[in-house]
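Structural features, examined
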Amino acid sequence: MKLSNSYIGLPEEFYQQINPTPVENPSLLQFNDELAELLKISLEEQEKLDIFSGNKIPSDSIPIALNYSGHQFGNFVHELGDGRAVLLGEINNQNGNYDIQLKGSGLTKFSRQGDGRSALGPVIREYIVSEAMHYLDVPTSRSLAAVATGEYVARDNFEPGGILTRVAKSHLRVGTFEYFASRQQWQDVKLLADFAIQRHYPEIRETNNHYLELLKKVAENQSILISKWMGVGFVHGVMNTDNFSISGETIDYGPCAFLDEYHPGKVFSSIDQNGRYAFGNQPSISAWNLASLAGCLIAFIDKDSDKANELATEVLDNFSVETNQRILNLMCQKIGLDGSSKENQEILRRLLKIMMDNEADYTITFRSLSKIIENDTQKFLSQFKQKAEVNIWIQDWQNAIEKESKEKSLLKKELDTINPVFIPRNHLIQKAIDESYEGNYDLMKEMINVSKTPFDGELENSVYAEAPSKDQRITQTFCGT
Ligand code: AMP
Ligand code: MG
């Protein structure tokens, strides 16, 4: 495993050099062979266990914990940083640049009151969900390995410990910028911005306002990301600025979940009592986070502060407009219609309203639309109690579809490549975690397998496609730190 360590070129305050703390009796629960291939990693079984448990440091690794601040639920927290994670290093090859990070690997100087560890439950959740997101075509950090440490961590109860090896384009966050900006260390903000440009957006070097362009790029990638979250019904749960990546990937999976029944106000995280990060709030929260980044970069956007404000505000305004448009287009695409038409937008709005009123399952409702094209309305109708209203909607939708004059088989194919059959259902993730605590990893492994082909399969033939019954529904996922 050939690792480089470019972050170490930054000043010392950016990180702490710290080795993972060895664990007693680790076992490798899951290893991602496809991802290893992309990374061009080839390791013996024992090496995998040693390295991804933190018990052995690869010869060219210089492990570091990264420093950052962040707005948590809107409040600024100066001292955050990797309190339970270390970056082993980066892999650079023709497929891209990847950070290899251990999460749950022991104390660092950023641990505060924490123990530097992770329970196995959140490791399993992140592994399953991040890999599923990847195959659902949502930009995301990925999971290379899940290790059970053989040790216990104290949470509400004692729970088995785990370490996740995650792979991301980088771990630069809005919060990393905020750390230096809040201390008015502008030289460091600039170093960080240049590092981010070099790493993620090297094309910016050809432009004449690097820092405005950086803001624009982050805005664009976050806009794409959030729209994709909305399309698959993903609720991140803790969209704090320290969990908001500069690369535009989903990072820091915590109390995340996919919607079962549709409701824009849906919250899963037990710590999000006011619903700040509810499903339907995600676009506006991403604008909020982006405004925090703009605040860090503003001094470099133009010497004239009025002009700088004007330029940054324009980026933020465009972000909101474009993100809403992107979501509208994507959602219309999910029902086979062109999002630029006002009538089609109204058909979408009506569908979402009856879905909400009827607690219709987000995934099943969209997926079963393609069955209506083949005159099978049963599955779609099964999601609704108000049959009369929904039948009128079906009629109007079919009329709108007719107007698009698309060949039926093509339309079905398009719908089935945008509306998944499988999402990692929350109640099954919880079951997989519960069973893993009994030493049974079968469900975890099966869920990881099923998630690789989210668009292939039939709603009827698999327990993984079923919505939970009302009493199976998980209403809260815990931060699990
Ligand atoms: P997260 O919920 O993973 O986004 O973490 C928020 C902040 O709390 C980050 O600074 C983490 O490093 C820190 N943190 C979370 N859990 C722990 C833990 N068990 N030990 C130390 N620090 C932690
Ligand atoms: Mg975090």
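Everything numeric in this text was worked out from a predicted model, so none of it was measured.

Rules behind the numbers
- Residues numbered from 1 in each chain as written.
- Chains lettered and ligands numbered in written order.
- Predicted model: local features only at pLDDT ≥ 70, side-chain atom pairs only at ≥ 80, totals over all residues.
- Heavy atoms only, no water.
- Helix = DSSP H or I, 4+ residues; strand = E, 2+ residues; numbered from the N terminus.
- Rg over C-alpha atoms; globule rule 2.2 N^0.38 Å.
- Buried < 20%, exposed > 50% of the residue type's maximum accessible area, 1.4 Å probe, protein only.
- Contact = heavy atoms within 4.5 Å.
- Areas by Shrake-Rupley, 256 points an atom, 1.4 Å probe, with all protein chains shown as cover.
- Polar contact = N/O pair within 3.5 Å; in protein donor to acceptor, adjacent residues only side chain to side chain.
- Core = buried A, V, L, I, M, F, W, Y, C linked by side-chain atoms within 4.5 Å.
- Axes fitted to C-alpha atoms, helices over the stretch in contact; angles between N-to-C directions.
- Parallel < 35°, antiparallel > 145°, perpendicular 65-115°, else oblique.
- Left-handed = near helix turned anticlockwise from the far one by under 90°.
- Nonpolar A, V, L, I, M, F, W, Y, C, P; charged D, E, K, R; others polar.
- Near = heavy atom within 4 Å.
- Donors = N, O, S within 2.8 Å, 3.2 Å for Na, K, Ca; no water.
- Expected span 1.5 Å × (residues − 1).

Quick notes on the overall build of the chain
When its secondary structure is counted, the chain shows 15 helices and twelve strands. Relative to a compact globule of 481 residues, whose C-alpha radius of gyration would be 23 Å, the chain shows 23 Å and is just as compact. On the principal axes, the C-alpha backbone points of the chain span a range of 65 × 60 × 40 Å. Burial analysis of the chain (481 residues in total) assigns 57% to the buried set. Restricting the contact set of the chain to residue pairs at least 6 apart, pairs at least 24 apart contribute 71%. Counting every atom, the chain has about 20,000 Å² of accessible surface; 47% of that belongs to carbon and sulfur.

Focus: helix α10 (residues 362-373)
Here α10 lies mainly inside the structure; twelve of its twelve residues are buried. Restricting attention to buried positions, one finds in α10 the residues Tyr362, Thr363, Ile364, Thr365, Phe366, Arg367, Ser368, Leu369, Ser370, Lys371, Ile372 and Ile373. Among the structural elements, α6 (210-232), α8 (305-334), α9 (342-358), α11 (378-381), α12 (387-404) and α13 (408-418) are those in contact with the buried residues of α10. The backbone nitrogen of Thr363 has a side-chain oxygen 3.2 Å away, supplied by the residue at the start of α10, namely Asp361. Backbone geometry just downstream of α10 places Asn375 in the positive-phi region, at approximately 65°.

Regarding the nonpolar core
Core analysis: the largest hydrophobic core is formed by 76 residues, its most contacted members being Phe234, Ile335, Met355, Phe366, Phe380, Trp393 and Trp397. The leading source of residues in this core is helix α3 (residues 120-135), at seven residues. Beyond its immediate chain neighbours, meaning those up to four positions away, Phe234 contacts Val129, Met133, Trp229, Thr250, Tyr253, Cys256, Ala257, Phe258, Phe279 and Gln282.

Digging into the packing of helix α4 (residues 174-182) against helix α5 (residues 186-200)
When two helices pack together, their arrangement is captured by the angle between the axes and the distance separating the axes. At a closest axis distance of 7 Å, the pairing of α4 and α5 adopts a crossing angle of 160°. The pairing of α4 with α5 is recorded here as roughly antiparallel in orientation. For α4 against α5, the interelement crossing comes out left-handed. In contact with Thr176, Phe177, Phe180 and Ala181 of α4, α5 contributes Trp186, Asp188, Val189, Leu192, Ala193 and Ala196. A per-class count over the contact of α4 with α5 returns eight nonpolar, one polar and one charged.

Details of the site of ligand 1
Near ligand 1 lie 17 residues; those nearest to it are Gly81, Gly83, Arg84, Arg112 and Gly116. Taking Asp115, its side chain carries an N or O atom lying 3.0 Å from a nitrogen atom of ligand 1.

Re the coordination of the magnesium ion (ligand 2)
Looking at the magnesium ion (ligand 2), one finds its protein donor set to be Asn243 (OD1) and Asp252 (OD), positioned 1.9 to 2.1 Å from the metal centre. You can call Asn243 buried: its relative accessible area is 12%.

Looking at α5
The first and last C-alpha atoms of α5 sit 21 Å apart over 15 residues, in line with the 21 Å expected at 1.5 Å per residue. Every buried residue of α5 is accounted for by Asp188, Val189, Leu192, Ala193, Phe195, Ala196, Ile197, Arg199 and His200. In this structure, the buried side of α5 is in contact with β6 (85-93), β7 (96-103), β10 (158-168), α4, α6 and α7 (282-301).

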